[in-house]
Every structure is written in structure tokens, then in C-alpha cells.
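As a plain string of letters, each chain reads:
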Amino acid sequence: MSGTTTATPAPIGTAADASEVELLIGGMTCASCAARVEKKLNRMGGVTATVNFATEKAKVSYPAGIQVADLIATVVKTGYTAEEPPPPQPERTAQEPAEDPEPASYRQRFTVCALLALPVVLLSMIPALQFDNWQWLALTLAAPVVVWGGLPFHEAAWTNARHGAATMDTLVSVGTLAAFGWSLWALFFGDAGMPGMHDEFRFTVSRMDGASTIYLEVAAGVVAFILLGRYLEARSKRRAGAALRALLELGAKDVAVLRGGRETRVPVSQLAVGDRFVVRPGEKIATDGTVVEGASAVDASMLTGESVPVDVGVGDAVTGATVNAGGRLVVEAARVGADTQLARMAKLVEDAQNGKAEVQRLADRISAVFVPVVMLIAVGTFGVWLGVTGDTAAAFTAAVAVLIIACPCALGLATPTALVVGTGRGAQLGILIKGPEVLESTRRVDTVVLDKTGTVTTGRMTLHEVYVAAGTDEKEVLRLAGAVEHASEHPVARAIALGAEERAGRLPGVAEFENVPGRGVRGRVEGRDVAVGRLAEYTAELPQELADAKDAAEKDGRTAVVVGWDGVARGVIAVADAVKETSARAVRELRALGLTPVLLTGDNRAVAEAVAREVGIDQVIAEVLPEDKVAAVRRLQAEGRTVAMVGDGVNDAAALATADLGLAMGTGTDAAIEAGDLTLVRGDLRVAADAIRLSRRTLATIKGNLVWAFGYNVAALPLAAAGLLNPMIAGAAMAFSSVFVVTNSLRLRTFR
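Since this is a predicted model, take the numbers as computed values, not measurements.

A. Geometry of the overall build of the chain. Along the backbone of the chain there are 25 helices and 26 strands. Burial status across the chain gives 54% buried among its 752 residues. Contacts in the chain between residues at least 24 apart in sequence constitute 70% of all its contacts with a sequence separation of at least 6. For the chain, the accessible surface area stands at approximately 31300 Å², while carbon and sulfur atoms represent 56% of it.

Laid out in C-alpha cells, this is it:
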């Protein structure tokens, strides 16, 4: 995982009400470790901490008067290590290891132990292989497995014992050392060391002579199996975080800055706001900025998931880490470092991965008390077996099986691994999930409120219909109207000018241009006095067919303007905020998820109902002020609905925060993005359906993992206590329970 912090703590000693810091926690081996660290931190006055076992991080909020050093000291006193993450390094250094040391260490330890343990297991299980004094060879091979191979478990168990705690490592260490110690006693002081001694592997506990029974295959086999489980778990956790690491590594490493009229290649970290830099075809754009020279197409697929390049020109905003697919661009930097969209995306994803769903908090509470309870169950099992059968060896075997199979590791991995994979996959698809509690909301939502402008529609006026009087050429109306409107900056004027260029070709020049406030514009084009706008004294009465066309366009929610020249009305042009091509399909997809769509807008009802008809929405709430959007959401909630809101503007921020689930369009304002629970990096409404689907799939995976983990422990403990499981089989089952949970979570990587 990345080493970026989730928040910048206030300088030590400031009077800030509360600061946040992220700490890297070392030495945790299971969920009960994480629960213990979290409990100790939360006991500090005013401190609120969340410790995530999968990401090995603690997110801590602390008041003035407490320093980061105090937090670290508390973690150290608990028996673990803690440090603030180093600043992110944009470039891999020569000293940086090519491979994560944790999986590599477990792999090396497992490989050696497996080679040594396999002969021990085979000799113990197959009597035909048991030559004279085979048990002494088994001891020679098993000793390094138990002592060196199990050293991480023994060290962790000893550290925890010194602090009066017990974790999964305690169970493994006590179980394997007990089996090994019993074997040593039987070999040196009992009958097991006699030449010609034979042993037989049993899947269950049975009566036997304790003095001639050895458990070397149990001690060696359990250590090897658990090391395999730890290796697979560590590797899977790293794969789970691969999407976030890939996101962080997307950015450009260096940039060609224009200084003194010359290009100078510098590291991206040296770029400042206001710097101008050159981006050649095929290069990544170094940071967020505005194009000041050139035109090109930009491929943003790595950030948004959108495969179609977007055309950009002078004045257009571009995002860092996107690729210039066409011509040469000169860009002025607008945001650098942690303020860029890429950095903010990475922060949102990492914050989400460090959080906990409510279901995981329950699992953590269970894990915290689970290990001591298991120790008591193991002691009780030994006592009951000894009292009922009088067979010390059988009682010991059942107790060791209880210790080894009861590991709550799968519980600790159930939520974090699914969350890490799900949020990482979302980031690849342009969906940013702010936290695990968001997943719970997506399951309950039944109504989705859609803002109109910028969400369902493009937010830009577009030319729609052109109506002309009898005997008048449509292209002529467009050419002359476009020529006059080209000189105006009004959104309606820009829509007509652009539409006219597309449909009628190059526009002629205009002279004597005049803007008549509230009425329109006029000018002289090719010797004609052209007027465009509201019907006024300089145009004659509209012919009936044009009047009817104007009325029909306005009923459909369009803005209709009259075009005339030389005192005669020649046509009517209708413009409107264009509906996005994908909006109708998005509404169908939202309905398929069981959601009822509602259109919410400040526009007049005619415009809103026209848009609603076009995309297939039945319920419309129109003509609302920005502050009334919150009231509209609350009214729906008062009707018993669970409401999701999709919006993109400053005026949507309060409604997004009020809704049970806020989905902010990433093409919108910072205020809207900050208020939303989910951010859709693309301006495509279909991503809203994808986001809800991914969230629900992630939540379902978490619940499936927890059902398996709880079910495994509930079922396995009675079997072990009843003597139906050999300790080595118990060790294998425990290891593969964790592997199953992580593998199940990794299936989210294939979400489409």
C-alpha cells in the first residue's frame, strides 16, 4: 500500500481542536492484534482510532495536548511498532526493493519448512516407511521447522504474553510447542525412542499410550501449513492494493517547463502553480491545468475508464496523468502535488480502504475476546477428555486441535480484503467510494434523485430545430443568424453560432454589431440588416407557421429566438440544454437495480418535463431554488424512501450531504465532490448504476466472507473439542480458511 497520509496533522503544540494522523503499524499478525491496538489508542483521552489489519494502518484523530509521539509510544507499549508514513516518492529509487519483503520472507520460510516437514509427515503417516529409529530422523527434521520456521509465531506470542495479551500467534505457538514438547518427553523419557517403534496417523483422536506417542508431524505440519497460509495471505493483500498503487504511479515523472522561452526538463515535484509546460503527442500531462496553446485529443481512460479521447483546445481544463494523444500542447499548471485530481482520487480510495464497515466492527469485537475464550475451551477440553477417558495422550491431542483450528484470522480479513479490492477496482473504473459505511447505504437505497443540468444534460446550450418561412432557405437563416450571434458571448448565442458553423459552413463577417439588452442582437451581414432575438419592433409580425413553431418549441422546454432581416421575420431557431447521449440508458439501468428515478431542477416545469420524457423519468420536481433541493430530498425521505442523490454543482452540495447516499459527478464542482459519498470521475450518468452495482457486490462479498469465517469457527471448534480432528488437519483447515476469504475477495477484480 501507499505511504501517503490521510490527513496532515496540526503542528505539535498547536491549539487545533483535533488533528488527524495515519500511522503504519508493525507486528500485527491477526484481527485480535488490530483490535488490541485500537482499544489501547481509544483509551487515550479524546483519541479516536481505527486500526485496519489488512492495510496495517491506524487512522487516528487526537486532541490538542496529545502529540504523535504519545500515540506511537502507546502502540509500542502494547507490543507493536508504529511510525508515520514517509512522504510519497514519485520515482522508484535504486535502493527501493523490487519485491515486498513480507511475502518474500514468508515464502522463503515456508519453502524450507515444507521440504523438512514433508518427510516427517510421510514417515508418521505411512507405517511401511518407518524403519528402525525413524523417529530420530523425524526429530532432526522437525526441530528446525518448529524452532526456526515457527519463530515469528513464538516471538509474537512472547511479546503479547509480556503485555498480558493473547492472539492467534499464542494459539499456534502454544499448540506447536506443546506437540513438540510432548514428543521430546516421549522420545527421551518414554518408550517412543525405542528401536522398532511404529506410529500410525489418525484423522481423529483415539485412545493411545502417551509414553509411546509422538506428535512431530503435527508440530512440523501445522507450522508449514500456517506459513503457507501467511504467505498466500500476504501476497493476496498486496495484490488487493495493486489498483491504488497503480493509481499512484500513473503520474508523469518529469516535465518540460517553459522558463525564459526555453524548455527545461525538471522533476514533476518542482512544478509550481502558474508554470507553463509543454506536452508532446504520446506524453502524459504532468499536472492539472489549462491549455494556453495548441489543440489535441486527450486520453483519460486510466483515470475515468472512458475509452474515447476528449478534444481539448485553448481554455480547456486538462487533468494530470492523462495522455496527450494528438498535437503539441502548452499547459498552465493550476494544481500541483496533493491538490491534483489524481492525488485526491488516491486519497479518497485510501481513506475508504482504511475504514471499517459496521459488520467488521462486530467481527473485531469478537476477535478481541475470542483467543482467551479458546484458551479456556482448550483447557476445558483437556480436563473433560482426561476425566472421561483417563487417556492423557487423547486429551492432549484434542486440546491441541482446539488451539490450532480456532484462529480468527479469516474474521479479520473478511471485510478489509473485500474493501481494498472493491475500492481499488472502482478507482480503475472511475468510481471513488469514500468509505465502507457507503456500502451499507447502497443496499437500502430505493429512490435516486437526479439533478438535471450537468448530470442528465450536458449543461451547455445546443442548437436543436430550425423553422423557416415559406420561400426561405434554412442554410441562409443559419448563416446570417450565426454570423451575428458569433460576436456575442451569451450561452444561447454561442449555441447558435456553433450549430450554424456545423450545419451551414463558414460564417460571414458582421459589421455594426449591436447588443440590445433583453431583446437580442443585430448587425449588418452581406449588406443586410439582420436581427436575432425576441420578437421586437424591428421585425414584422410572425407568420402563423413560425408563431406555431415557436409556441411548440417553448412547450417542449426549448428557448426559441426569431431571425429576421430587412424588417421581415424569416425563421425561428430553437436551442436547449442537450440531454447526454447516455442518460436514457443510465435511467433504464437504475430502474433495473430497483431504483425509482426522480428529476430535480431549478428550471421551469416545461423544460424539466421535456427532459424527463426524453430519458424516461416519470416524477419531476421543478422550479426549486438551491436551498429548496434539500427540502425536496427530505420530503422524499419523510415518505419512507431511502434516497440517493446525483449532482454536480455547488447548489447540489447540501442536497448530496442530506441524501442517504450522495453521488457526485467528478466533472462538477469541488463542493459537490466533497459532499458526496461516491464520486463518479466521468461525467456519464451510467457510472452511477455501475457504482451502486459495485458497492452492492462489494458488500455482498464482505457478508459472504463473514458468514464463511463465522461458520468455520462455530463448526470447527466443537469438532476439534469432540476429538474428530487431528491437529495437523486442523492446522491445514485454519490456514486455508484465510486463503479462501482473500481469494473470494479477489474475485471483485473482475467486476465489469
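B. Just the pairing of strand β2 (residues 48-52), in detail. Along β2, four of the five residues are buried, which leaves the element largely enclosed by surrounding structure. When β2 meets strand β3 (residues 57-63), the two strands line up antiparallel, connected through five bridges. Each residue of the ladder has a partner; that of V51, found in β3, is A58.

C. The arrangement of the packing of helix α5 (residues 151-162) against helix α6 (residues 168-189) in detail. Remark: α5 packs on α6, axes separated minimally by 8 Å, with the N-to-C direction vectors making an angle of 115°. For the pair α5 and α6, the sense of crossing is left-handed. Across the interface between the two elements, F153, H154, A156 and A157 from α5 touch D169, T170, V172, S173, T176 and L177 from α6. Its residues assigned to classes, the contact of α5 with α6 comprises five nonpolar, four polar and one charged.

D. How the structure looks around the environment of L329. Along the chain, the position of L329 falls in strand β13 (residues 329-333). With a relative accessible area of 0%, L329 lands in the buried category.

E. Main features of helix α2 (residues 68-77). Buried residues of α2: V68, L71, T74 and V75, and no others. Buried residues of α2, viewed axially, fall in a sector of 120°; they line one side. Following α2 by one or two positions, G79 has its phi on the positive side, about 110°.

F. Seen up close, the pattern of salt bridges. Under the criterion given, the structure shown has 19 salt bridges. D451 serves as the salt-bridge partner of K629, at 3.0 Å between the closest nitrogen and oxygen. With K629 in helix α21 (residues 626-638) and D451 in strand β15 (residues 447-451), the pair connects residues that are 178 residues apart, well separated along the chain. With respect to class, K629 is no different from D451; both count as buried. Three or more residues are tied together by salt bridges with common partners; here these are E263, R280, E293 and R328.

G. Broad picture of the sheet that holds strand β4 (residues 81-83). The antiparallel open sheet is built from four strands, whose spatial order is β2-β3-β1-β4. The sheet is open, and its two edges are formed by β2 and β4, each paired on a single side. Pairwise comparison of adjacent strand axes, ignoring direction, gives a mean angle of 25° for this sheet. Contacting β1 (18-26), β3 and β4, α2 runs over the sheet at an angle of about 35° to β1.

H. Spotlight on helix α20 (residues 605-615). Those residues of α20 that fall on the buried side of the exposure criterion are V607, A608, A610, V611, A612 and V615. The secondary structure elements touched by the buried residues of α20 are α15 (452-456), β16 (457-468), β21 (568-579), α19 (583-592), β22 (596-600) and β23 (619-621).

I. Here's a closer look at the environment of V445. Positionally, V445 belongs in the loop between α14 (436-444) and β15. Residue classification places V445 among the buried residues on the basis of a relative accessible area of 5%. The sequence separation of V445 and L661 amounts to 216 residues, and the corresponding C-alpha distance is 7.6 Å.

J. Inspection of the pairing of strand β8 (residues 289-293) at higher detail. The pairing of β8 with strand β11 (residues 317-318) spans two bridges and is antiparallel. Bridge pairing in β11 places T290 opposite A317.

K. How the structure looks around the UniProt feature "transmembrane region" (unreviewed entry) in the chain. With numbering matched to this structure, UniProt assigns "transmembrane region" (unreviewed entry) to residues 110-130, 136-158, 170-190, 210-229, 366-388, 394-421, 705-722 and 728-746. Overall, residues 110-130 shows 76% helix and 0% strand. The separation of its end C-alpha atoms is 25 Å. The straight-line gap between the two end C-alpha atoms of residues 170-190 is 28 Å; of that span, 95% is helix and 0% is strand.

L. How the structure looks around unusual backbone geometry. Even without being glycine, E512 reaches a positive phi, approximately 50°. The backbone of E526 sits at a positive phi, close to 50°, despite the residue not being glycine.

M. Structural view of a nonpolar patch on the surface. A cluster of nonpolar residues, L118, L122, M125, I126 and L129, forms a patch on the protein surface that exposes about 400 Å² of accessible area. Among the secondary structure elements, L129 is positioned in the loop between α3 (101-125) and α4 (134-149).

N. Seen up close, the packing of aromatic side chains. Counted according to the given criterion, the structure contains four aromatic pairs. Relative to F188, the ring of W136 lies with its centre 5.4 Å away and its plane at 70°, an arrangement referred to as edge-to-face. Note that W136 is positioned in helix α4 and F188 in helix α6, a separation of 52 residues in sequence. Ring centres of W182 and F396 lie 4.7 Å apart, and the angle between their planes is 20°; this geometry places the pair in the stacked category. With W182 in helix α6 and F396 in helix α12 (residues 392-405), this residue pair connects regions lying 214 residues apart in the sequence. Both residues of the pair, W182 and F396, belong to the buried class. Clustering of aromatic rings is evident, with ring pairs tying together W182, W185 and F396.

O. Molecular detail of the packing of α4 against α5. α5 packs onto α4 with a crossing angle of 45° between their chain directions and a minimal axis gap of 5 Å. Taken together, the axes of α4 and α5 are oblique relative to one another. Of the residues in α5, those in contact with V146, V147, W148 and G149 of α4 are L151, P152, F153 and H154. By residue class, the composition of the contact of α4 with α5 is six nonpolar, two polar and no charged.

P. Local environment of the confidence of the model for the chain. The predicted model of the chain averages 78 in pLDDT, with 80% of residues at 70 or higher. Averaged pLDDT values over the elements of the chain bottom out at 55 in helix α8 (residues 242-248) and peak at 93 in α4. Per-residue pLDDT stays below 50 along residues 1-16; that stretch engages in 36 contacts with residues further than four places along the chain or on separate chains. Segment residues 89-98 is flagged for pLDDT under 50; beyond a separation of four residues in sequence, or across chains, it makes five contacts in the model.

Q. Representation of the sheet that holds strand β10 (residues 310-312) within the structure. Taking strand neighbours across the sheet as the criterion, the three strands line up as β10-β9-β12 in an open arrangement whose pairing is antiparallel. The sheet is open, and its two edges are formed by β10 and β12 (323-324), each paired on a single side.

R. Structural context of the side chain of K452. For K452, the position within the fold is in helix α15. You can call K452 buried: its relative accessible area is 0%. When near neighbours in sequence (up to four residues on either side) are disregarded, K452 contacts T457, D577, L599, L600, T601, D603, V607 and V611.

Procedures and definitions
- Residues numbered from 1 in each chain as written.
- Predicted model: local features only at pLDDT ≥ 70, side-chain atom pairs only at ≥ 80, totals over all residues.
- Heavy atoms only, no water.
- Helix = DSSP H or I, 4+ residues; strand = E, 2+ residues; numbered from the N terminus.
- Buried < 20%, exposed > 50% of the residue type's maximum accessible area, 1.4 Å probe, protein only.
- Contact = heavy atoms within 4.5 Å.
- Areas by Shrake-Rupley, 256 points an atom, 1.4 Å probe, with all protein chains shown as cover.
- Pairing = 2+ DSSP bridges.
- Axes fitted to C-alpha atoms, helices over the stretch in contact; angles between N-to-C directions.
- Left-handed = near helix turned anticlockwise from the far one by under 90°.
- Nonpolar A, V, L, I, M, F, W, Y, C, P; charged D, E, K, R; others polar.
- Arc of directions from axis to C-beta.
- Salt bridge = Lys/Arg side-chain N within 4 Å of Asp/Glu carboxyl O.
- UniProt positions renumbered as here; feature names shortened; annotations may be inferred.
- Patch = residues over 30% accessible without salt bridge, like charges linked within 9 Å, V, L, I, M, F, W, Y side chains within 5 Å.
- Phe/Tyr/Trp six-rings, centres within 6.5 Å; stacked < 30°, edge-to-face > 60°.
- Parallel < 35°, antiparallel > 145°, perpendicular 65-115°, else oblique.
- pLDDT = per-residue confidence, 0-100.

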